[in-house]
Amino acid sequence: MDLIDRCSRAQRSRLPSFTKAARTIRRHADGIAAAVTRGLANGRHEELNNKARTMTQRSYGFHTPQAALALIMLACGLVKLDLPYHTR
């Protein structure tokens, strides 16, 4: 049973949470399929965002925003993302 069949069955169930989930899955089906086939995830982005947010909270009391940015750049360094479907 493929994804579209499951979504149509979920929408026919008339349960509000199931219909909402099925609608969301149908809306993002292409992105979901691309993420699964290419092995992509947003874990690295979430990690970087969380680290920057922590540094921002730690930098309260700095005199300038540039000092906070320097702290973030020092902690995170050069960000290099290698996507799995790029070949060299």
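Residues numbered from 1 in each chain as written. Predicted model: local features only at pLDDT ≥ 70, side-chain atom pairs only at ≥ 80, totals over all residues. Heavy atoms only, no water.

Asks: Explanation requested: the overall build of the protein in the structure shown.
Replies: Tallying secondary structure elements over the protein gives five helices and zero strands in all. Starting at the N terminus and ending at the C terminus, the protein contains elements arranged as α-α-α-α-α. Looking at the protein as a whole, 11% of its 88 residues qualify as buried. Restricting to contacts in the protein with at least 6 residues of sequence separation, those with at least 24 account for 33%. Surface exposure of the protein reaches about 7600 Å², of which carbon and sulfur atoms provide 57%. (Helix = DSSP H or I, 4+ residues; strand = E, 2+ residues; numbered from the N terminus. Buried < 20%, exposed > 50% of the residue type's maximum accessible area, 1.4 Å probe, protein only. Contact = heavy atoms within 4.5 Å. Areas by Shrake-Rupley, 256 points an atom, 1.4 Å probe, with all protein chains shown as cover.)

Asks: Help me out: how do you make sense of the side chain of Thr19 in this one?
Replies: Structurally, Thr19 is set in helix H2 (residues 16-27). By relative accessible area, Thr19 is classed as buried at 16%. Here Thr19 is in contact with Ala10, Gln11 and Arg14, once residues within four sequence places are set aside.

Asks: Sorry, what's going on with unusual backbone geometry here?
Replies: Peptide bonds are mostly trans, and most non-glycine residues show a negative phi. For Arg14, which is not a glycine, the phi torsion comes out positive at approximately 65 degrees. Summarising the element assignment, Arg14 is placed in the loop between helix H1 (3-12) and H2. For Arg14, a relative accessible area of 74% gives the class exposed.

Asks: Whenever I open this one, the packing of helix H4 (residues 43-58) against helix H5 (residues 65-76) confuses me. Can you help?
Replies: The angle between the axes and the distance between the axes are what describe a pair of packed helices. Put simply, H4 and H5 touch, their axes get as near as 9 Å, and they point 140 degrees apart. In terms of orientation, H4 and H5 fall into the oblique class. At the point where H4 passes H5, the crossing takes the right-handed sense. Along its contact with H4, which presents Leu48, Lys51, Ala52, Met55 and Thr56, the element H5 presents Leu71, Ile72, Ala75 and Cys76. For the contact of H4 with H5, a count of residues per class yields seven nonpolar, one polar and one charged. (Axes fitted to C-alpha atoms, helices over the stretch in contact; angles between N-to-C directions. Parallel < 35°, antiparallel > 145°, perpendicular 65-115°, else oblique. Left-handed = near helix turned anticlockwise from the far one by under 90°. Nonpolar A, V, L, I, M, F, W, Y, C, P; charged D, E, K, R; others polar.)

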